Amino acid sequence: MEYLLHILIIAGIYIILSLSLNLIVGYTGLPALGHAAFSCVGAYVSSLLALNLGFSPWIGLIIGAFTAILLGVVIGYPCLRLKGDYLALATFGFGVIVYSIAKNWVSLTRGPMGLPGIPRFSILGFELDPLWSYLVLVSILVLITIFVLRRVVDSPFGRVLRSIREDEIASEALGKDTARYKLIVFMIGAFFAGIAGSLYAHYITFIDPSSFTVMESITILLMVIFGGMGTIHGSVVGATVLVAFPELLRFLGMPSSIEAPTRQMIYGLLLVILMIGRPQGLLGRYRFR
Amino acid sequence: MIQQLILNGLIAGSIYAVIALGFTLVYRTVKFFHFAHGIVYTGGAYLAYTFFMILHINPIISFFLSIILCALLGIAIDKSVYYPLRVKKASNLIFLLASFGVFIFLQNLIQLIYGAQILTLRTGPVREGYHIFSAVITPIQIWILAVSCGLLAILWSFVKYTKLGKAMRAVSDDPIAASLVGINPDKTILASFAIGSALAGAAGILISLETNIEPTMGFSAILKGIIASIIGGIGSIPGAVLGGFFLGIAENLGIWKIQAGWKDSIAFLILIIFLLLRPGGIFGIKTHKEQI
């Protein structure tokens, strides 16, 4: 039972991550490959605030998410000029840079040793210790994310995003400032990814740079593509299935030294199969052009 | 100190140049980022390890065997993954993501077979290096430099003077016109995958003589290869070579003042600066500018 709750919590965190990436990739058509960088910043900022300055995790969550927005601007702004696989490569590069800052700035982040003993969330002095209470918290945040993103994509703003995806020059010709829209999309995506990172840090209570590699970014992208690009329920399905499915490997009695590479192999194979067979994903409407 | 850093940069740069050249050969005919090129490089190192350290085959023979198997691996990747995508006329981004998939799959396959730990390929006892201009160079490093420069020269003349090399250049310039004059584009693509992958395998073997091998080694290698190609002007053969040396030296000079762990960041910073300020590379290749 505890195990099931754990899987659900992790799935919830990945749902937030893939929803926020879907806004950038699926709705606006910007192939961003550095999403783990945002959750990395969210996780590290809120953990460091809690560990070094004794901030409450709630405040850390907010500050972490806003720092992630800042990073979203730093990454988004130079990437506005790039398209297609060059944009993918540049965001990928920012992902590597953020990862290596987390790994090499040892005096602040303790590098590969990671940060242990991160406090959990607490309400009125009671620590959220039982797993189910944490699941409730994650579920509420997932619902908020879905609600906000649904409002965003169904609004006139979201319509502009889809028009940028379909034909950027045409939407520019209609007087839309596409650069501003793209930057805002990066900021929204970064905000929610920062929240997810902070949730992860305060749940696991330990973080190290290896949780935020570029391979992690590709895994999140795979969830978005698998579920379906440009659909909200697609991301929910994609993240849940891809978190839950590899857990079956554990039931087959695989030791973790075999289980981890096997899981990655399945992800890699799935990415290839999806690209060849169904690039828009299971429930998707849009494919990369 | 600075002489040593420049020398280290030249050695690293020669490896990057070989990777970037293989990558560029493939890029020129297919026009997408063949990220899985990096796993062929890892494959080269591991195959050489298998033949030489496990099966105890003569080093020269085992290196040639590994290079041939790498060429076959490249062809297999093209046939099984890229060919179906080509038939469907998929976009560059789909090719890139599929290539990531291949990379992740094979890297973890290698990890499953050989384990995640570091392996070493030792061809002989470690010898003391020679002193040149207050810098130290070991015999192995001289070999690496010589072999990679030799490979670069062979490839250069191959593309410039042989019939197949000319066909490759023709397909890269205009595939339709090339097929009009009787060049088979599919065959040319296969040839470029075979030669490019052989180069990647050779680079993997060369680096494994100098440093340890691990399943994740191909990741940063292919990134350096791609960055070197973009710095030199994507699709340009002299550009790839120069970009490789430039990157190797820049990286090693960069760690003069800061720690070695920042090498990858320096490389990507250079890439991002180039993408924003000079997307055509050092030579300013114009033809692909509109794609950026």
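Residues numbered from 1 in each chain as written. Chains lettered and ligands numbered in written order. Predicted model: local features only at pLDDT ≥ 70, side-chain atom pairs only at ≥ 80, totals over all residues.

Looking at the overall build of chain B
(1) Moving on: The number of helices and strands found in chain B is 11 helices and two strands.
(2) Moving on: When its helices and strands are written in sequence order, chain B yields α-α-α-α-β-β-α-α-α-α-α-α-α.
(3) Moving on: If you line up chain B on its principal axes, its C-alpha atoms span 55 × 45 × 35 Å.
(4) Moving on: The buried share among the 292 residues of chain B stands at 53%.
(5) Moving on: Nonlocal contacts in chain B, meaning residues at least 24 apart in sequence, comprise 77% of its contacts between residues at least 6 apart. (Helix = DSSP H or I, 4+ residues; strand = E, 2+ residues; numbered from the N terminus. Buried ≥ 20, exposed ≤ 12 C-beta atoms within 10 Å, placed from the backbone. Contact = placed C-beta atoms within 7 Å.)

Remarks on the overall build of chain A
(1) Moving on: Scanning chain A from terminus to terminus reveals 13 helices and two strands.
(2) Moving on: Taken over the C-alpha trace, chain A has a radius of gyration of 18 Å; the compact-globule value for 289 residues is 19 Å, and the two agree within 12%.
(3) Moving on: Per-residue burial for chain A yields a buried fraction of 51% across its 289 residues. (Rg over C-alpha atoms; globule rule 2.2 N^0.38 Å.)

Description of the interface of chain A and chain B
(1) Moving on: Tallying the contact residues gives 34 residues for chain A and 36 residues for chain B.
(2) Moving on: Counting only elements with at least two residues in the side of chain A that touches chain B, the list comes to α4 (84-104), α10 (214-227) and α13 (256-277) of chain A.
(3) Moving on: Residue composition of the side of chain A that touches chain B, grouped by class: 22 nonpolar, seven polar and five charged. (Nonpolar A, V, L, I, M, F, W, Y, C, P; charged D, E, K, R; others polar.)

Remarks on the confidence of the model for chain B
Segments scoring low in pLDDT should not have their predicted coordinates read at a detailed level.
Residue and element names in this part refer to chain B.
(1) Moving on: For chain B, per-residue confidence averages 84 on the pLDDT scale, and residues scoring 70 or more make up 94% of the total.
(2) Moving on: For chain B, strand β1 (residues 130-132) is the element with the lowest average pLDDT, namely 71, and helix α4 (residues 92-114) is the one with the highest, namely 90.
(3) Moving on: Taken together, the stretch residues 288-292 has pLDDT below 50 and engages in nine contacts with residues farther than four places along the chain or on a different chain.
(4) Moving on: Interface scoring of the predicted complex returns ipTM 0.86; its pTM is 0.88. (pLDDT = per-residue confidence, 0-100.)

Some thoughts on unusual backbone geometry
All names here are of chain B.
(1) Moving on: Residue Lys-31 is not a glycine yet carries a positive backbone phi of 65°.
(2) Moving on: Positionally, Lys-31 belongs in the loop between α1 (2-30) and α2 (37-54).
(3) Moving on: Overall, the presence of 16 C-beta atoms within 10 Å leaves Lys-31 in the partly exposed class.
(4) Moving on: For His-56, which is not glycine, the phi dihedral falls at a positive 55°.
(5) Moving on: His-56 gets classed as exposed once you count the C-beta atoms within 10 Å, which come to 9.

Here we look at helix α11 (residues 232-244) of chain A
(1) Moving on: With 13 residues, α11 of chain A ought to run about 18 Å at 1.5 Å a step, and its terminal C-alpha atoms sit 19 Å apart, in line with that.
(2) Moving on: Within the sequence span of α11 of chain A, burial applies to Ile-232, Gly-234, Ser-235, Val-236, Val-237, Gly-238, Ala-239, Leu-242 and Val-243 of chain A. (Expected span 1.5 Å × (residues − 1).)

Here's the deal with the packing of α2 of chain B against helix α9 (residues 217-232) of chain B
Residues and elements named next belong to chain B.
(1) Moving on: It is at 8 Å that the axes of α2 and α9 come closest, and there the two elements cross at 130°. Between α2 and α9, the crossing angle belongs to the class labelled oblique. Read as a crossing pair, α2 and α9 show a hand that is right-handed. Here His-37, Gly-38, Ile-39, Tyr-41, Thr-42 and Ala-45 of α2 come into contact with α9, specifically with Met-217, Gly-218, Phe-219, Ala-221, Ile-222 and Gly-225.
(2) Moving on: Its residues assigned to classes, the contact of α2 with α9 shows seven nonpolar, five polar and no charged. (Axes fitted to C-alpha atoms, helices over the stretch in contact; angles between N-to-C directions. Parallel < 35°, antiparallel > 145°, perpendicular 65-115°, else oblique. Left-handed = near helix turned anticlockwise from the far one by under 90°.)

Structural notes on the nonpolar core
What tends to happen in soluble globular proteins is that the nonpolar side chains get buried as a cluster.
Residue and element names in this part refer to chain B.
(1) Moving on: Core analysis: the largest hydrophobic core is formed by 197 residues, its most contacted members being Ile-19, Leu-21 and Ala-98.
(2) Moving on: With 16 residues, the single largest contributor to this core is α1.
(3) Moving on: Ignoring any residue separated from it by four or fewer positions in sequence, one finds Ile-19 in contact with Tyr-41, Ala-200, Ala-203, Ala-221, Ile-222, Lys-224 and Gly-225. (Core = buried A, V, L, I, M, F, W, Y, C linked by C-beta atoms within 7 Å.)

What to know about the environment of Ala-200 of chain B
Residues and elements named next belong to chain B.
(1) Moving on: If you trace the backbone, Ala-200 turns up in helix α8 (residues 185-210).
(2) Moving on: The spatial distance from the C-alpha of Ala-200 to the C-alpha of Ser-148 is 11 Å, given a sequence separation of 52 residues.
(3) Moving on: Discounting chain neighbours no more than four positions away, the residues touching Ala-200 are Ile-19, Gly-22, His-37, Val-40, Tyr-41, Gly-44 and Cys-70.

Notes on the environment of Ser-163 of chain A
Residue and element names in this part refer to chain A.
(1) Moving on: Checked against the element boundaries, Ser-163 lands in helix α7 (residues 156-166).
(2) Moving on: Taking C-alpha positions, Ser-163 is 34 Å from Ser-211, a pair spaced 48 residues apart along the chain.
(3) Moving on: Non-local contacts of Ser-163, meaning those with residues more than four positions away in its chain, are made with Ala-170 and Ser-171.

Quick notes on helix α6 (residues 163-173) of chain B
Residue and element names in this part refer to chain B.
(1) Moving on: When α6 is considered as a whole, its buried residues turn out to be Gly-165, Ala-167, Met-168, Val-171 and Ser-172. One side of α6 holds all its buried residues, which, seen down the axis, span an arc of 160°. Those residues of α6 that are exposed and angled more than 90 degrees off the buried face are Lys-163 and Asp-173. (Arc of directions from axis to C-beta.)

A few points about the environment of Gly-233 of chain B
(1) Moving on: By the element assignment, Gly-233 of chain B lies in the loop between α9 and α10 (237-254).
(2) Moving on: Taking the C-alpha atoms as reference, Gly-233 of chain B lies 25 Å from Ala-71 of chain B; in sequence the two are 162 residues apart.

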